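# Structural overview
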6 protein chains.
Amino acid sequence: MGETNLTHVDESGAARMVDVSAKDVSARRATAAGQLRTTAEVIDLLRRDGLPKGDALAVARIAGIMGAKKTPDIVPLCHPIALTGVTVDFTLGETTVEITAVTRTTDRTGVEMEALTAVAAAGLALVDMVKAVDPAASISDVRVLRKEGGKTGLWSREDEQ
Amino acid sequence: MGETNLTHVDESGAARMVDVSAKDVSARRATAAGQLRTTAEVIDLLRRDGLPKGDALAVARIAGIMGAKKTPDIVPLCHPIALTGVTVDFTLGETTVEITAVTRTTDRTGVEMEALTAVAAAGLALVDMVKAVDPAASISDVRVLRKEGGKTGLWSREDEQ
Amino acid sequence: MGETNLTHVDESGAARMVDVSAKDVSARRATAAGQLRTTAEVIDLLRRDGLPKGDALAVARIAGIMGAKKTPDIVPLCHPIALTGVTVDFTLGETTVEITAVTRTTDRTGVEMEALTAVAAAGLALVDMVKAVDPAASISDVRVLRKEGGKTGLWSREDEQ
Amino acid sequence: MGETNLTHVDESGAARMVDVSAKDVSARRATAAGQLRTTAEVIDLLRRDGLPKGDALAVARIAGIMGAKKTPDIVPLCHPIALTGVTVDFTLGETTVEITAVTRTTDRTGVEMEALTAVAAAGLALVDMVKAVDPAASISDVRVLRKEGGKTGLWSREDEQ
Amino acid sequence: MGETNLTHVDESGAARMVDVSAKDVSARRATAAGQLRTTAEVIDLLRRDGLPKGDALAVARIAGIMGAKKTPDIVPLCHPIALTGVTVDFTLGETTVEITAVTRTTDRTGVEMEALTAVAAAGLALVDMVKAVDPAASISDVRVLRKEGGKTGLWSREDEQ
Amino acid sequence: MGETNLTHVDESGAARMVDVSAKDVSARRATAAGQLRTTAEVIDLLRRDGLPKGDALAVARIAGIMGAKKTPDIVPLCHPIALTGVTVDFTLGETTVEITAVTRTTDRTGVEMEALTAVAAAGLALVDMVKAVDPAASISDVRVLRKEGGKTGLWSREDEQ
């Protein structure tokens, strides 16, 4: 299909930061999620740490929020963007931590990369936190759930509607 | 098990950058991997872009190498470390890109977080590259395959030996 | 008081970058100040260095200006913001250096954290500069003097009006 | 005194990063402290937030730890250094939060700037957290309490021994 | 000429980030160029590497794009700016690589520093790439070719119109 | 010549951070230089600014020193390195500013990229400073003059011995 190309490389294959000057400034929001896969023992430690002054999940949450801000520094072709809000949440399962991030902006491009980077950074911070107990911990299913705003409007992941 | 604790929080639950002053400087190496899950159409575009001057995979490789260097900035409790080598490789499957990163140091702590961060950053750059064609692309199985060196010596993932 | 809460944590106590998408873009300005406390000997050295080509105060001034730009990287829950102007000034007293910073923006949130970070960074650079002569040098009274613009309008420190 | 000069500027007054190549690698440690000055109401909110999942102090602690790592980026003439450990602690008083940071390295220069930067960054994060409730909150007495290691050996603040 | 002053220092000589709050938001574009000077042997290696999977030029291109984003971090008095597009291109000569960068924004100040920083960063990455073969490689003629938009309108380099 | 290859790409053309784990830690030093080309009017302004409190050259010097520290962040395949000293000097000519940087380390790789980055960053800061007066200012001849230490020993630029 001739019209389906990678937008981030030009016709000669050269990488570029796509020109978005002509796009409208509008409120945009993205939700991404991912999962830490670990052991029941680790989840138990995180739960106990969820008690007074336990910083384990806070470290990961802050890693996620700061990760969202670092997106243009981590993802080479991303535009620097005026993030207007970020939240990162965790749900503890039996052997998993579900990570969800919501990012907002009022700018010219979407914020799904910021939401994905928040999830990845939070996931990396969780692995770092638990790796002495579970060196096999992994991060999976880092994906966009939903994006809203901009010209393309609402996109929502089919298998999770 | 009372003795199994999260090393990154103290007995009161406060986060800390663990003191590694007394650990030996030694050659250490870590290998991590992960997977971009996308569509056959995207893989085809990446393959074609693998032709002259195609920068798509190069962007992701460099994102991975630079991501490894940014680890102490992304993962809050990681020590700044003297990375002495980083490689990032890609294997194109039918609907996947397998990402592998190897990191090396001659320092006081292991480099598995650097390898994992390289894989995550490369994965994020790939998603950014293909998201206009496949907005549902995801990153999975970001995990350590193997770590060598230091007091604990060789650790290798059981299910992938 | 039920309505008085920390805005940066939600009702469950989780940290967040507050959503400011709905706030108006408007001209905002903040002034912050602080003080380096040191010895008369150090002040004398800084004064002499204030002569041709003396870089001591310039280093601190630039640390302050660059510190203002790094605010979202240093203060975890701060929004990235379009700073439109920063000045940092010093007044040498007998055993003190008074540091004043003014920051400006045309954005959705105030810039008092940027002004405070400029003062703190300039203060740290001054301590670094003089610590070989006065290892007991300290930074005090880092505070907002005045903020203007935005919905809340003018706020000015009572004891310094 | 002719021999007492600012080490960070040369004889012509030009700033420089002092050459420490010839200094010995040795274990070094520094302790710094500082104080957030606020209202009893804020302290009460922080205490309550010290309950399950309250992230307020965790945000400041992590800002401090990450701030220590960012020192060479914030303080222009500081050497990049291999931090081997950082802790940041808080003691709530009636209207104050006492901030203490301990930094460690095994490198060629001391880590007191890293400890001071940790205290300043934690203080800034606390101000950011409480500023909606107490816009007059300030940071004071950011100072080195003690440094150990290196050629100069132990230095300890007189008024706080 | 009394009215011709360095805008980045005030009347007392103190550096400042100039206040641009009152300037209009408008579409702006800048083009800068520069040259890597090296040997015919290196150019031949770069050409050959221009074949399948060769990352050499891609590394330099990405260094340029990311360098443009880092401008406010590298150039002390530059405003942080919302870059809306960056391209970096290379033309191989006999013993030279001509580097061209185009930057775009819709903001309050021009983007010529961003274009120059992109060229310089790409040039540095090229030198790093070839220095084992040609330790004498150099970067020259880093200059603005053209800037458009804003109150001053079009400026174009005389000797290259 | 088959054996002359770009060390930063492997046999398949993929970029990498070369493994230097086996290289010796040794004292290394590099000197680089470059030139700002501008007008006699600008040089006159810089000279006058060289008087009391003039920050113009100080801004460029600090940009150079901080640029040296940012090298691994700007040049994608550079190793993070323990810089032990940086100086940046300027010589004003009739229509030029000669920029010289000396960098030192005690580490596993040379510091010529750090010296070149210091020169480039200082040059960019100078252009930024003078661009309102001379929009045609350019940076040229950014090159290594001399490197010492490590296995290859002394290398010195032929045309400038």
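If you're wondering where the values come from, they're calculated on a predicted model, not measured in any experiment.

Below, the discussion takes up the overall build of chain A. The helix and strand tally for chain A stands at four helices and five strands. In sequence order, the secondary structure elements of chain A are arranged as β-α-α-α-β-β-α-β-β. Overall size of chain A, expressed as C-alpha extent along the three principal axes, is 50 × 30 × 30 Å. Each of the 161 residues in chain A was classed as buried or not, and the buried ones make up 61%. Relative to all contacts within chain A whose residues are 6 or more apart in sequence, the contacts with residues 24 or more apart total 70%. In chain A, the 19 positive side-chain charges and the 23 negative ones have mean positions that sit 5 Å from each other.

Now for the UniProt feature "active site" (unreviewed entry) in chain A. Taken from the UniProt record, the annotation "active site" (unreviewed entry) applies to Asp128(A). Mapped onto the fold, Asp128(A) is located in helix H4 (residues 112-130).

Moving on, we get to the relation of the copies chain F and chain D. With an axial shift of 0.0 Å and an RMSD of 0.0 Å, the rotation relating chain F to chain D amounts to 120°. The transformation relating the two chain copies, once decomposed into turn and shift, fits a three-fold axis. Identified as the residue of chain F closest to the rotation axis by C-alpha distance is Ala82(F), at 4.6 Å.

So, about the interface of chain F and chain D. Chain F puts 14 residues into the contact, and the matching count from chain D is 17 residues. Summed over both partners, the interface of chain F with chain D comes to about 1300 Å²; 58% of that surface belongs to carbon and sulfur atoms. When the shortest N-O distance is used, the salt bridge between Lys70(F) and Asp73(D) registers 3.4 Å. Sorting the residues of the side of chain F that touches chain D by element identifies helix H2 (56-74), strand E2 (83-92) and strand E3 (96-107) of chain F as the ones contributing at least two each. Examining the composition of the side of chain F that touches chain D, we find that six residues originate from one element, H2(F), more than from any other. When the residues that make up the side of chain F that touches chain D are grouped by side-chain class, the tally is six nonpolar, four polar and four charged.

Opposite the 57 residues of chain B that make contact, chain A presents 57 residues. Both sides of the chain B and chain A interface together cover about 4500 Å² of buried area, and 65% of this is carbon and sulfur. At the surface where chain B touches chain A, the tally comes to two salt bridges. At the level of secondary structure, the elements contributing two or more residues to the side of chain B that touches chain A comprise helix H1 (40-49), helix H2 (56-74), helix H3 (112-130) and strand E4 (138-148) of chain B. With twelve residues, H3(B) is the largest single contributor of residues to the side of chain B that touches chain A. Along the lines of polarity and charge, the residues of the side of chain B that touches chain A split into 34 nonpolar, ten polar and 13 charged.

On to the arrangement of the chains, then. Spatially, chain B and chain C are disjoint, and the shortest separation between their C-alpha atoms is 10 Å. Chain A makes no contact with chain F; the smallest distance between any of their C-alpha atoms is 10 Å.

Turning to the UniProt feature "binding site: substrate" (unreviewed entry) in chain A, a few remarks are in order. Feature annotation in UniProt assigns "binding site: substrate" (unreviewed entry) to the following positions: Leu77(A), Cys78(A), His79(A), Met113(A) and Glu114(A). Their sequence span is 38 residues, while the largest C-alpha to C-alpha distance among them is just 12.5 Å; these annotated residues converge on one region. Those residues in contact with Met113(A) that sit more than four places away from it in its chain are Thr71(A), Val75(A), Cys78(A), Leu124(B), Val127(B), Asp128(B) and Lys131(B). Along the chain, Glu114(A) falls in helix H4. Given a relative accessible area of 3%, Glu114(A) falls into the buried group. For Glu114(A), the contacting residues outside a window of four places in its chain are Ala68(A), Thr71(A), His79(A), Ile81(A), Leu83(A) and Thr103(A).

Moving on to H2(F). Each full turn of the α-helix corresponds to 3.6 residues, which orients residues three or four apart in the same direction. All names here are of chain F. With 19 residues, H2 extends just 24 Å between its outermost C-alpha atoms, more than 12% less than the 27 Å of an ideal straight helix rising 1.5 Å per residue. Ala68 marks where H2 bends most, by close to 50°; the proline Pro72 follows one to four residues later. Taken across its 19 residues, H2 has 18 buried, putting it largely inside the fold.

Mapped onto the secondary structure, His8(A) falls in the segment before strand E1 (26-37). Owing to a relative accessible area of 8%, His8(A) belongs among the buried residues under this scheme. Filtering out sequence-adjacent residues up to four positions away, His8(A) remains in contact with Ala14(A), Ala15(A), Arg16(A), Val18(A), Leu77(A), Asp128(B), Met129(B) and Lys131(B).

Once that is clear, we can look at the relation of the copies chain B and chain A. For the pair chain B and chain A, the superposition axis carries a translation of 0.0 Å, the fit reaches an RMSD of 0.0 Å, and the rotation angle comes to 180°. Those values place the two copies in the arrangement expected of a two-fold rotation axis. Within chain B, Ser140(B) has its C-alpha nearest the rotation axis, a separation of 2.0 Å. Most of the interface of chain B is mirrored in chain A, where 100% of its interface residues are also at the interface.

Side chains carrying opposite charge are able to pair once their charged atoms draw close together. Summed over the entire model, instances satisfying the criterion amount to 60 salt bridges over all chains. The partner of Asp128(B) in a salt bridge is Lys131(B), and the shortest N-O contact between them spans 2.8 Å. With its nearest N and O atoms 2.5 Å apart, the salt bridge here joins Asp55(C) to Arg61(F). Placement of Asp55(C) in the loop between helix H1 (40-49) and helix H2 (56-69) and of Arg61(F) in helix H2 is noted, with the two residues assigned to different chains. Accessibility classification places Asp55(C) together with Arg61(F) in one group, the buried group.

Moving on to helix H4 (residues 112-130) of chain C. Counted at 1.5 Å a residue, the expected span for H4(C) with its 19 residues is 27 Å, and the 27 Å between its end C-alpha atoms agrees. Of all 19 residues that make up H4(C), 19 are buried, and the element is covered over most of its length.

Before going further, it helps to examine unusual backbone geometry. Here Asp141(C), not a glycine, exhibits a phi torsion of approximately 55°, which is positive. Tracing the backbone shows Asp141(C) in strand E4 (residues 138-148).

Residue and element names in this part refer to chain E. The pairing of strand E1 (residues 26-37) with strand E4 (residues 138-148) spans eight bridges and is classified as antiparallel. Bridged to Gln35 within E4 is Ser140. Of the strand pairs in this sheet, E4 and strand E5 (residues 155-156) are connected by two bridges, and their pairing is antiparallel. Paired with Arg146 across the bridge in E5 is Ser156.

Here we take up the packing of H2(F) against helix H3 (residues 112-130) of chain F. Residues and elements named next belong to chain F. Closest axis-to-axis distance for the H2/H3 pair is 7 Å, and the angle between their directions is 140°. The angle between H2 and H3 places the two elements in the oblique class. In this structure, the crossing between H2 and H3 has a hand that is right-handed. Of the residues in H3, those touching H2 at Ala56, Leu57, Val59, Ala60, Ala63, Gly64, Gly67, Ala68, Thr71 and Ile74 are Met113, Glu114, Thr117, Ala118, Ala121, Ala122, Ala125, Leu126 and Met129.

Regular strands show a simple pattern: their side chains alternate between the two faces of the sheet. Where strand E2 (residues 83-92) of chain D and strand E3 (residues 96-107) of chain D come together, nine bridges link them in antiparallel fashion. The residue bridging Thr87(D) from the neighbouring strand is Val102(D), located in E3(D).

Conventions and cut-offs
Residues numbered from 1 in each chain as written. Chains lettered and ligands numbered in written order. Predicted model: local features only at pLDDT ≥ 70, side-chain atom pairs only at ≥ 80, totals over all residues. Heavy atoms only, no water. Helix = DSSP H or I, 4+ residues; strand = E, 2+ residues; numbered from the N terminus. Buried < 20%, exposed > 50% of the residue type's maximum accessible area, 1.4 Å probe, protein only. Contact = heavy atoms within 4.5 Å. Lys, Arg positive; Asp, Glu negative; His and termini not counted. Charge placed at Lys NZ, Arg CZ, Asp CG, Glu CD. UniProt positions renumbered as here; feature names shortened; annotations may be inferred. Least-squares fit on C-alpha atoms with pLDDT ≥ 70 in both. Buried area = accessible area lost by both parts, 1.4 Å probe. Salt bridge = Lys/Arg side-chain N within 4 Å of Asp/Glu carboxyl O. Nonpolar A, V, L, I, M, F, W, Y, C, P; charged D, E, K, R; others polar. Expected span 1.5 Å × (residues − 1). Bend = angle between axes of the 7 residues up to and from the residue. Pairing = 2+ DSSP bridges. Axes fitted to C-alpha atoms, helices over the stretch in contact; angles between N-to-C directions. Parallel < 35°, antiparallel > 145°, perpendicular 65-115°, else oblique. Left-handed = near helix turned anticlockwise from the far one by under 90°.

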